[in-house]
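The lines below spell out each chain.
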Amino acid sequence: MNDKKIISTIAKYLNNEANYDDLTKLNFWLHKIENQNLFKSFVKTEYLINLSMSEFDFNKITNQIKEKKKIISRKQRVLKFSKYAAAAVVLAVISATSYFYYSANSMENTTINASNQFIFISPGSNKAVLTLENGNQVELDEEKKFQNGYSKSNGKSIVYNNTKIKEATVYNYITVPRGGQFQLQLSDGTKVWMNSDSKLKYPTQFQKGEIREVELVYGEVYFDVSESYKNEGAKFKVKTGIQDVEVLGTEFNIQAYTDDDKVLTTLVEGKVKVFNAFTSRYLTPGQQSNSNIKTDALSVYSVDVATQIAWRNGVFLFKRERLESIMEKLARWYQFDIVFEDEAKKQLKFSGKLKMSDNISQLLNIIEDTGGVSFQQKNNAIHIK
């Protein structure tokens, strides 16, 4: 088998989607020692992602292949896959595949197609613009440090102290551009993680006994709120234009991008109250609210929290997510424009995991190997066909 076919077959095996013919070819291919080492690298990397494999047992793997063949044979059928399912295979082992790009020197007999190198598209970094109460703007990035009477930044985050300096409440803004991320700690001890293309308004110090209120102007922010008992019982409120979120002390994520018609609030720990002008709902951990900007409807449902907050830990995590949504998230971080030349491709669904520090060429080339999607860079835009 050529490189593309064996990658696809291994991906199917790891996702329990390999049919009888796939398993037969894989078993034959594994008779060569060099192929066993290649397969071992794929499987170990994939299982490490899932934190479920402490050591690699080749005999166990080959026995599993034989058993799977017997089961399929007894059922006298071969699994059939739709185009969507075939596409979904590849991203599920994206981290494993990326490993091969990084470890090309150890693969003398293996060549993976990487013809599409998407130049000028690199991962984002820690950066933001701080707007002070007097209107002055300060660029914050990893090369610069900043300090004034009530805050201090090391270039990756900014921390506000709790020393009362001003009688009146004054506000600062943090704006994180596309291709950026940033952290801050508010004066009450609340920790905030800001995703790309986000803007937050907040007081330099909270007034004692009053509601601790901040405003998510747009974008996506994760809050780890300081408990109310540490702040004289004061509640914490996040305003987002069409809705408010009120908490006592908890962790949650809010997504409110300007190009979306919804605001999503995902609760990780504790309890929050989400409300708009017409209704209110309480969330429990694992639930997400959807506030529709056009209709003012407010719905609540359970979600996979890990996929919603993976960005906070420097990871893209997708589980049967539409290609349009995936590309929008990638575009914000890698700073490129999206052009779907084939609208139907927006509906393709993928699953997978990718470090936000990885080169995007690897990911897009792997998706292309499904045969269902192709990418082309034109200036700073990625065209999807």
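Structure shown above.
Brief notes about the overall build of the chain
Then, number 1: When helices and strands are counted, the chain shows nine helices and 23 strands.
Then, number 2: When contacts within the chain are restricted to residue pairs at least 6 apart in sequence, long-range pairs at least 24 apart make up 59% of them.
Then, number 3: Element-wise, carbon and sulfur atoms account for 46% of the exposed surface of the chain, whose accessible area totals about 19200 Å².

So, the sheet that holds strand β23 (residues 381-384)
Then, number 1: Taking strand neighbours across the sheet as the criterion, the three strands line up as β20-β23-β22 in an open arrangement whose pairing is mixed. In the strand order of this sheet, the two ends are held by β20 (337-340) and β22 (375-378), each with one partner. Averaged over all neighbouring strand pairs, the angle between strand axes comes to 25°, with direction disregarded.
Then, number 2: With four bridges joining them, β20 and β23 adopt parallel strand pairing. Across the sheet, residue Asp-337 finds its bridge partner in β23, namely Ala-381.

Quick word on the layout of surface pockets
Then, number 1: By volume, the largest pocket amounts to about 660 Å³.
Then, number 2: Along the walls of the largest pocket sit 30 residues, with Gln-255, Gln-308, Glu-321, Ser-325 and Lys-329 positioned nearest its centre.
Then, number 3: Put simply, the parts of the chain that give the lining of the largest pocket at least two residues each are β14 (262-269), β17 (287-292), α7 (305-309), β19 (315-322) and α8 (323-334).
Then, number 4: Of the residues forming the lining of the largest pocket, the biggest block, eight residues, is contributed by β19.
Then, number 5: Grouping the amino acids of the lining of the largest pocket by side-chain chemistry returns 11 nonpolar, eight polar and 11 charged.

A look at the pattern of salt bridges
Then, number 1: All told, the structure shown has 14 salt bridges when counted by the stated rule.
Then, number 2: A salt bridge links Lys-235 to Glu-246; the nearest nitrogen and oxygen atoms lie 3.2 Å apart. Highlighted residues: Lys-235 in the loop between β10 (212-224) and β11 (236-239) and Glu-246 in strand β12 (residues 244-247), separated in sequence by 11 residues.
Then, number 3: Overall, the relative accessible area of 17% leaves Glu-246 in the buried class.
Then, number 4: A salt bridge links Glu-324 to Arg-322, with the nearest nitrogen and oxygen atoms 2.5 Å apart.
Then, number 5: Residues participating in the shared-partner salt-bridge network are Arg-322, Glu-324, Glu-343 and Lys-346.

Calculation rules
Residues numbered from 1 in each chain as written. Predicted model: local features only at pLDDT ≥ 70, side-chain atom pairs only at ≥ 80, totals over all residues. Heavy atoms only, no water. Helix = DSSP H or I, 4+ residues; strand = E, 2+ residues; numbered from the N terminus. Contact = heavy atoms within 4.5 Å. Areas by Shrake-Rupley, 256 points an atom, 1.4 Å probe, with all protein chains shown as cover. Pairing = 2+ DSSP bridges. Axes fitted to C-alpha atoms, helices over the stretch in contact; angles between N-to-C directions. 1 Å grid on protein atoms, 1.4 Å probe; cavity = no way out; pocket = protein on both sides within 12 Å on 5 of 7 lines; lining within 4 Å. Points joined across faces, edges and corners; volume = space filled by probe spheres on them. Nonpolar A, V, L, I, M, F, W, Y, C, P; charged D, E, K, R; others polar. Salt bridge = Lys/Arg side-chain N within 4 Å of Asp/Glu carboxyl O. Buried < 20%, exposed > 50% of the residue type's maximum accessible area, 1.4 Å probe, protein only.

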